[in-house]
Amino acid sequence: MDKTNTELVLIRISGLDRPGLTASITDILSGYDVDIMDIGQADIHSTLSLGILFKCSEQDSGNIMKNLLFKASELGINIRFYPISREEYEEWVSMQGKNRYILTLLGRKLTAQQIAGATKILANQGLNIDAIRRLTGRVPLDEQKARVRACIEFSVRGTPRNIDELQGELMRLSSTLEMDFSFQKDTMYRRMRRLICFDMDSTLIETEVIDELAKRAGVGEQVQEITERAMRGEIDFRESFKERVALLKGLDESVMKDIAENLPITEGVERLMYVLKRYGYKIAILSGGFTYFGNYLKECFGIDYVYANNLEIVDGKLTGRYVGDIVDGKRKAELLQLIAQVENVDIAQTIAVGDGANDLPMLSVAGLGIAFHAKPKVKANAKQSINTIGLDGVLYFLGFKDSYLDERGNS
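Notes on the structure in this doc start here. (Residues numbered from 1 in each chain as written. Predicted model: local features only at pLDDT ≥ 70, side-chain atom pairs only at ≥ 80, totals over all residues. Heavy atoms only, no water.)

### Describing the overall build of the protein
Phase 1: Looking only at helices and strands, the protein features 16 helices and 15 strands.
Phase 2: Based on the C-alpha atoms only, the size of the protein along its principal axes is roughly 95 × 40 × 40 Å.
Phase 3: For the protein, the residues scored as buried account for 48% of the 411 residues in total.
Phase 4: In the protein, of all internal contacts separated by at least 6 residues, the share reaching a separation of at least 24 is 70%.
Phase 5: Carbon and sulfur atoms make up 48% of the accessible area of the protein, which totals about 20,000 Å². (Helix = DSSP H or I, 4+ residues; strand = E, 2+ residues; numbered from the N terminus. Buried < 20%, exposed > 50% of the residue type's maximum accessible area, 1.4 Å probe, protein only. Contact = heavy atoms within 4.5 Å. Areas by Shrake-Rupley, 256 points an atom, 1.4 Å probe, with all protein chains shown as cover.)

### Re empty space enclosed by the protein
Phase 1: Taken as a whole and judged by the stated rule, the model has 1 cavity of 30 Å³ or more.
Phase 2: Approximately 120 Å³ is the volume found for the largest cavity.
Phase 3: Along the wall of the largest cavity there are 13 residues; nearest its centre are Asp201, Glu208, Phe237, Gly288 and Gly289.
Phase 4: Of all the secondary structure elements, the ones that give two or more residues to the lining of the largest cavity are helix 7 (209–217), helix 9 (237–246) and strand 10 (282–290).
Phase 5: The leading source of residues in the lining of the largest cavity is strand 10, at 3 residues.
Phase 6: By residue class, the composition of the lining of the largest cavity is 5 nonpolar, 3 polar and 5 charged. (1 Å grid on protein atoms, 1.4 Å probe; cavity = no way out; pocket = protein on both sides within 12 Å on 5 of 7 lines; lining within 4 Å. Points joined across faces, edges and corners; volume = space filled by probe spheres on them. Nonpolar A, V, L, I, M, F, W, Y, C, P; charged D, E, K, R; others polar.)

### Focus on the pairing of strand 11 (residues 305–314)
Phase 1: As judged from the 4 bridges shared by strand 10 and strand 11, these two strands associate in the parallel manner. Within strand 11, the residue paired with Leu286 across the bridge is Tyr307.
Phase 2: As for the winding sense of the linkage, the β-α-β connection from strand 10 through helix 12 (residues 291–301) to strand 11 is right-handed.
Phase 3: Pairing analysis gives 4 bridges linking strand 11 to strand 12 (residues 317–323), with the strands arranged antiparallel. By the bridge assignment for strand 12, Leu311 is matched with Tyr322. (Pairing = 2+ DSSP bridges. Right-handed = clockwise from strand over helix to strand, strands pointing away.)

### Digging into the layout of surface pockets
Once rolled over the atoms, a probe with the size of a water molecule shows which space is left empty.
Phase 1: Of the voids in this model, the largest pocket is the one considered here, and its volume is about 870 Å³.
Phase 2: Lining the largest pocket are 33 residues, with Arg100, Ile102, Asp130, Ala131 and Ser155 positioned closest to its centre.
Phase 3: Elements that contribute at least two residues to the lining of the largest pocket include exactly strand 2 (35–44), helix 3 (86–94), strand 5 (100–107), strand 6 (128–134), strand 7 (150–157) and helix 6 (188–191).

### Regarding the nonpolar core
Phase 1: Ranked by internal contacts, the top residues of the largest apolar core, which has 59 residues, are Phe198, Leu213 and Phe293.
Phase 2: Among the elements that take part in this core, helix 11 (residues 269–278) stands out by supplying 6 residues, more than any other.
Phase 3: Setting aside anything within four residues of it in sequence, one finds Leu213 in contact with Leu248, Leu251, Val255, Met256, Ile259, Phe290, Phe293 and Leu311.
Phase 4: Counting 20 residues, the second-largest nonpolar core is a separate cluster that includes Leu195, Leu286, Leu363 and Val378. (Core = buried A, V, L, I, M, F, W, Y, C linked by side-chain atoms within 4.5 Å.)

### Re helix 5 (residues 163–177)
Phase 1: Taking 1.5 Å as the rise per residue, helix 5 with 15 residues should run 21 Å; its terminal C-alpha atoms sit 21 Å apart, in good agreement.
Phase 2: Among the residues of helix 5, those classed as buried are Leu166, Gln167, Leu170, Met171, Leu173, Ser174 and Leu177. Projection of helix 5 onto a plane perpendicular to its axis shows the buried side chains occupying an angular sector of 165 degrees, all on one side. Of the residues in helix 5, the exposed ones pointing more than 90 degrees away from the buried face are Asp164, Arg172 and Thr176.
Phase 3: The elements touched by buried residues of helix 5 are strand 5, helix 4 (112–124), strand 8 (180–185), helix 15 (376–381) and strand 15 (384–386).
Phase 4: Among the residues of helix 5, the N-terminal cap falls to Asn162, whose side-chain oxygen and the backbone nitrogen of Asp164 are separated by 3.1 Å.
Phase 5: After helix 5 finishes, the residue Glu178 shows a positive phi value of roughly 55 degrees. (Expected span 1.5 Å × (residues − 1). Arc of directions from axis to C-beta. Polar contact = N/O pair within 3.5 Å; in protein donor to acceptor, adjacent residues only side chain to side chain.)

### A few points about the sheet that holds strand 4 (residues 78–84)
Phase 1: Pairing is antiparallel in the open sheet, where 4 strands are placed in the order 2-3-1-4. Edge positions in the sheet fall to strand 2 and strand 4, since each of these pairs with one other strand and no more. On average, each strand axis in the sheet is inclined to that of its neighbour by 15 degrees, with strand direction left out of account.
Phase 2: As judged from the 7 bridges shared by strand 1 (residues 6–16) and strand 4, these two strands associate in the antiparallel manner. Counterpart to Val9 in the pairing with strand 4 is Pro83. (Axes fitted to C-alpha atoms, helices over the stretch in contact; angles between N-to-C directions.)

### Some details on the pattern of salt bridges
Phase 1: Summed over the entire model, instances satisfying the criterion amount to 26 salt bridges.
Phase 2: Where Asp252 meets Lys317, a salt bridge forms, and the shortest distance between an N and an O atom there is 3.4 Å. Placement of Asp252 in the loop between helix 9 and helix 10 (254–260) and of Lys317 in strand 12 is noted, with a sequence separation of 65 residues between them.
Phase 3: Note on Asp252: relative accessible area 30%, which makes it partly exposed.
Phase 4: On the basis of relative accessibility, which here comes to 37%, the residue Lys317 falls in the partly exposed class.
Phase 5: Among the charged side chains, a network of salt bridges with common partners joins Arg149, Arg271, Asp392 and Asp402. (Salt bridge = Lys/Arg side-chain N within 4 Å of Asp/Glu carboxyl O.)

What follows is the structure, given as structure tokens:
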């Protein structure tokens with residue numbers, strides 16, 4: 001094809017989708033010496049939107065457009081033609097080198113107000129939306145149904161004017177409009193996460209086990225008050241841990257078994273674990289809680305690693321002491337890095353999920369740190385957070401789409 005006698009034409013097609021429609025259009029183009037420069041298609045409730053940018057010779061362009069118009073009329077679809085100048089095309093090509101990001105919006109439902117607010121933030125930062133896709137299944141009309149989830153993902157291009165400002169604005173918006181968000185650079189690492197580390201108490205389970213033990217020991221209020229102050233970051237975790245364990249002295253070991261068998265599992269954990277295991281993720285519990293309960297969850301969900309604290313037991317009774325090193329915030333971050341090395345996983349391919357101040361070090365070290373129903377200090381310092389739905393919301397931050405999953409993965 002003579003480059004000096006070529007044209008660039010963008011066609012946009014819309015209408016009721018049906019099998020073979022795209023084949024009919026491209027079959028016409030195949031009858032000429034046409035190069036496809038770009039192509040994209042989306043389908044929303046059986047309504048097709050198809051765009052094709054092609055290069056053809058000047059002498060063929062008229063016949064191509066005529067044949068396409070006839071075919072469009074035959075198929076009952078709309079078609080529009082837009083000539084593209086070489087300057088416009090080169091400008092578009094130059095955009096390819098710009099940074100790409102993924103903004104994920106997540107909630108029980110998504111509203112026009114939420115989407116308008118988020119997209120306005122993107123626009124004010126000079127970012128352009130390339131594509132939008134829905135990750136969750138069809139949202140039922142009955143909003144009262146249990147475990148309803150709604151998630152959309154924006155692929156955006158450009159360089160934010162101030163990424164910290166962007167994160168802060170998204171955080172404020174999410175708090176105001178009851179939604180969750182994740183803003184990540186779109187790299188190969190984002191698409192190839194391999195290790196995920198969870199806090200246990202108030203993350204995988206909806207309680208703090210030490211509080212449950214304390215209730216059985218008759219010191220519930222004292223221990224809960226210390227726990228809350230530690231999770232808010234008001235007191236040192238190590239000191240709070242020693243104080244709380246000491247109050248458990250004399251508790252019968254059998255109580256631990258009873259508590260383990262009745263742990264309140266967080267919404268979405270079963271689904272999340274099933275999908276992660278099915279797709280080859282390594283899973284770890286890094287907890288400031290206790291190994292006994294971590295090992296119970298390990299058996300339930302096939303978790304690969306458990307690092308937590310060991311209570312000393314003598315003659316079937318808790319002594320009020322612990323054995324070994326305390327797993328505090330600093331240790332959690334170290335363990336995440338250690339497991340990544342053992343599994344030969346780049347730190348950028350790791351994920352950490354937690355709720356308390358002692359989780360912040362591992363959230364900041366991981367390639368993707370997610371605050372889950374977290375304390376205010378943790379939410380303020382985490383780049384991603386989930387507050388409106390269950391723990392399986394993590395799947396959408398990883399780019400999973402409901403339609404890719406089997407029935408059990410969608411339950």
